[in-house]
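# Remarks on the overall topology
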Amino acid sequence: MNTFELDESYIAHTYKRFPVEIVSGKGSLVKDASGKEYIDMGSGIAVTSFGVADDAWIAAVEEQIHSIQHMSNLYYTAPCAKLAEALCVRTGMSRVFFGNSGAEANECAIKVARKWAAKKKGPACSTIVTLENSFHGRTLTTLAATGQDHYHELYQPLTPGFAHIPAGDLNALKSLCAGGTVAAVLIECVQGEGGVIPLELRFATELQAFLKEQDILLMIDEVQAGNGRTGKLYAYMNYGLRPDVVTTAKGLAGGLPLGACLLSEKVKDVLSYGDHGSTFGGNPVACAAALSVLNRLTDPFLEKVVEKGKHLRRLLEGAPGIQSVSGLGLMLGLKTEKTASEVVKACMEKGVLCLTAKDKVRLLPALNIPDDLLQKAAEIIKEACRP
Ligand SMILES: *Cc1c(COP(=O)(O)O)cnc(C)c1O
């Protein structure tokens with residue numbers, strides 16, 4: 001059997017795959033089994049921050065893999081300690097818990113919020129509020145956090161204690177909080193899966209002020225928008241926010257599984273010995289990769305991400321068949337006259353890999369995509385969008 005047949009037979013049918021087998025690549029170019037080349041405008045869903053098979057990334061991984069590939073969390077290892085320091089120095093947060101995915105990072109945040117509120121305000125204060133149209137993961141608890149009913153239907157009962165408000169509706173939040181049972185609010189600054197929709201600045205600012213006044217935790221899900229994607233190290237930095245908890249994953253280690261839950265001074269001691277754990281969490285190879293990624297996300301580099309984002313937006317905005325462009329930095333969503341899946345299919349035929357998010361075409365290229373490839377991809381996308 002070939003790869004398609006093996007996959008169809010033996011892999012659970014949770015992914016509707018395109019009939020393309022990707023075998024290799026370099027930077028922002030990937031190749032399929034027939035040798036056809038594609039410009040990768042999806043980066044494995046915002047994961048390969050510096051593209052595929054990037055030399056500096058390979059060197060960081062290789063160096064660590066020759067020393068030790070895993071050690072239990074019963075012992076100290078340097079890569080996770082150094083990465084935690086770097087994350088705290090760059091964000092002003094105080095401590096980090098490492099897991100392996102975005103969902104796991106959010107699970108940690110939710111546990112922190114529940115324990116913090118239970119101890120400080122009593123066990124009835126357990127509700128986590130999230131936004132409608134949000135996405136926080138696929139575990140039963142992060143599904144409950146996800147504000148999209150269609151993900152919930154067949155998996156009841158989900159973890160209780162979640163409520164959802166429309167983005168921008170502070171009054172809805174205020175009435176939920178009136179009973180004193182809300183422990184935390186968890187938001188994405190740019191909703192990714194929900195259609196690449198940035199939060200309004202005014203709402204973000206007012207939300208933070210209200211939560212501070214009420215002593216409710218502000219938790220930000222930076223799983224997709226973090227790690228340089230929006231042109232700041234974390235998307236909340238575009239909004240001048242000071243979150244109590246930050247979660248991230250996807251692009252953090254540039255292509256290895258790693259999730260992190262960053263804890264501010266206020267909640268850094270909530271979890272104590274035995275409260276939480278993860279066998280693979282803080283894996284030295286993943287952490288060495290992440291440290292190399294983080295060290296390359298310098299201010300001058302992030303300015304280039306902003307420039308590339310603006311450039312891509314200019315190339316696409318107003319083109320025939322493209323109704324609007326949303327997003328921040330190199331995280332863009334296109335509302336198109338044709339359906340998003342039609343556009344993605346046409347792009348693929350012409351050698352560009354794009355994603356969808358709800359009814360949008362979603363673009364998440366590598367943060368270092370060369371300008372000529374960005375230009376070429378934009379031309380092909382425009383051609384695919386033309387009615
Ligand atoms: C992808 C995503 C998650 C889930 O991450 P996994 O690594 O798939 O568990 C959570 N939140 C946001 C905003 C995401 O984009």
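Residues numbered from 1 in each chain as written. Predicted model: local features only at pLDDT ≥ 70, side-chain atom pairs only at ≥ 80, totals over all residues. Heavy atoms only, no water.

This next bit is on the domain arrangement of the protein. Looking at the assigned domains, one finds that the protein contains domain 1 (3-54 + 299-385) and domain 2 (68-296). Using only C-alpha atoms to locate each centre, domain 1 and domain 2 end up separated by 26 Å. Each partner contributes residues to the interface: domain 1 has 28 residues there, and domain 2 has 29 residues. Each partner contributes to the roughly 2200 Å² buried at the junction of domain 1 and domain 2, and carbon and sulfur atoms together form 59% of this total. The three residues of domain 1 that bury the most area against domain 2 are L328, M331 and K358, which together make up 28% of that side's buried surface. (Domains from an automatic or database assignment. Contact = heavy atoms within 4.5 Å. Buried area = accessible area lost by both parts, 1.4 Å probe.)

In the region of the ligand, the neighbouring residues are S101, G102, A103, N106, F135, H136, G137, E188, D221, V223, Q224 and K250. Take G102: an N or O atom from its main chain is 2.8 Å from an oxygen atom of the ligand. For the shell around the ligand, the element with the highest residue contribution is helix α5 (residues 102-121), accounting for 3 residues. Residues of the shell around the ligand, tallied by class, amount to 3 nonpolar, 6 polar and 3 charged. (Near = heavy atom within 4 Å. Polar contact = N/O pair within 3.5 Å; in protein donor to acceptor, adjacent residues only side chain to side chain. Helix = DSSP H or I, 4+ residues; strand = E, 2+ residues; numbered from the N terminus. Nonpolar A, V, L, I, M, F, W, Y, C, P; charged D, E, K, R; others polar.)

Attention shifts here to the packing of helix α7 (residues 170-177) against helix α8 (residues 201-214). Running from N to C, α7 and α8 point in directions that differ by 15°, and their axes come no closer than 11 Å. With respect to each other, α7 and α8 are oriented roughly parallel. The element α7 and its partner α8 pack so that their crossing is right-handed. On α8, the residues touching L170, L173, K174 and C177 of α7 are F203, E206, L207, F210 and L211. Broken down by class, the residue content of the contact of α7 with α8 amounts to 7 nonpolar, no polar and 2 charged. (Axes fitted to C-alpha atoms, helices over the stretch in contact; angles between N-to-C directions. Parallel < 35°, antiparallel > 145°, perpendicular 65-115°, else oblique. Left-handed = near helix turned anticlockwise from the far one by under 90°.)

Another point: the layout of surface pockets. Any empty space left between atoms is shown by rolling a water-sized probe over those atoms. Of the volumes computed, that of the second largest pocket is approximately 930 Å³. Lining of the second largest pocket is provided by 26 residues; of these, N73, V96, F97, F98 and Y273 occupy positions nearest its centre. Every element with two or more residues in the lining of the second largest pocket is listed here: α4 (78-91) and β4 (95-99). Considering each element in turn, the lining of the second largest pocket owes the most residues, 5 residues, to α4. Its residues placed into classes, the lining of the second largest pocket shows 12 nonpolar, 10 polar and 4 charged. (1 Å grid on protein atoms, 1.4 Å probe; cavity = no way out; pocket = protein on both sides within 12 Å on 5 of 7 lines; lining within 4 Å. Points joined across faces, edges and corners; volume = space filled by probe spheres on them.)

Before going further, it helps to spend a moment on α5. Taking 1.5 Å of rise per residue, the 20 residues of α5 would be expected to cover 28 Å, and the 28 Å separating its terminal C-alpha atoms lies within 8% of that figure. Taken as a whole, α5 has its buried residues at G102, A103, A105, N106, C108, A109, I110, V112, A113, W116 and A117. Of the residues flanking the start of α5, the one acting as N-cap is S101, its side-chain oxygen 3.2 Å from the backbone nitrogen of E104. Trailing α5 by a residue or two, G122 shows a phi angle of about 105°, which is positive. (Expected span 1.5 Å × (residues − 1). Buried < 20%, exposed > 50% of the residue type's maximum accessible area, 1.4 Å probe, protein only.)

Right, let's talk about empty space enclosed by the protein for a bit. Taken as a whole and assessed by the stated rule, the structure comprises 2 cavities of 30 Å³ or more. Lining the largest cavity are 13 residues, with M71, N73, T77, G281 and G282 sitting closest to its centre. Split into classes, the residues belonging to the lining of the largest cavity amount to 5 nonpolar, 8 polar and no charged. In this structure, the second largest cavity is lined by A46, S49, Q224, G226, N227, R229, G251 and L367. Here the residues of the lining of the second largest cavity are counted per class, giving 2 nonpolar, 5 polar and 1 charged. Summarising the domain contributions, the lining of the second largest cavity has at least three residues from each of domain 1 (3-54 + 299-385) and domain 2 (68-296).

Taken in spatial order, the 4 strands make up an open sheet running β1-β2-β3-β15, and their pairing is mixed. Looking along the sheet, the strands with just one partner apiece sit at the ends: β1 (22-26) and β15 (352-353). Sheet topology note: the β1/strand β2 (residues 29-32) ladder contains 4 bridges and is antiparallel. Bridging from a neighbouring strand, I22 pairs with D32 of β2. (Pairing = 2+ DSSP bridges.)

Moving on: the side chain of T146. Locating T146 in the fold gives a position in the loop between α6 (140-145) and β6 (162-165). Only 2.9 Å separates the side chain of T146 from the backbone oxygen of T142, close enough to count as a polar contact. Residue contacts for T146: discarding those within four places in its chain leaves S134, F135, H136, G137, Y151, H152 and H164.

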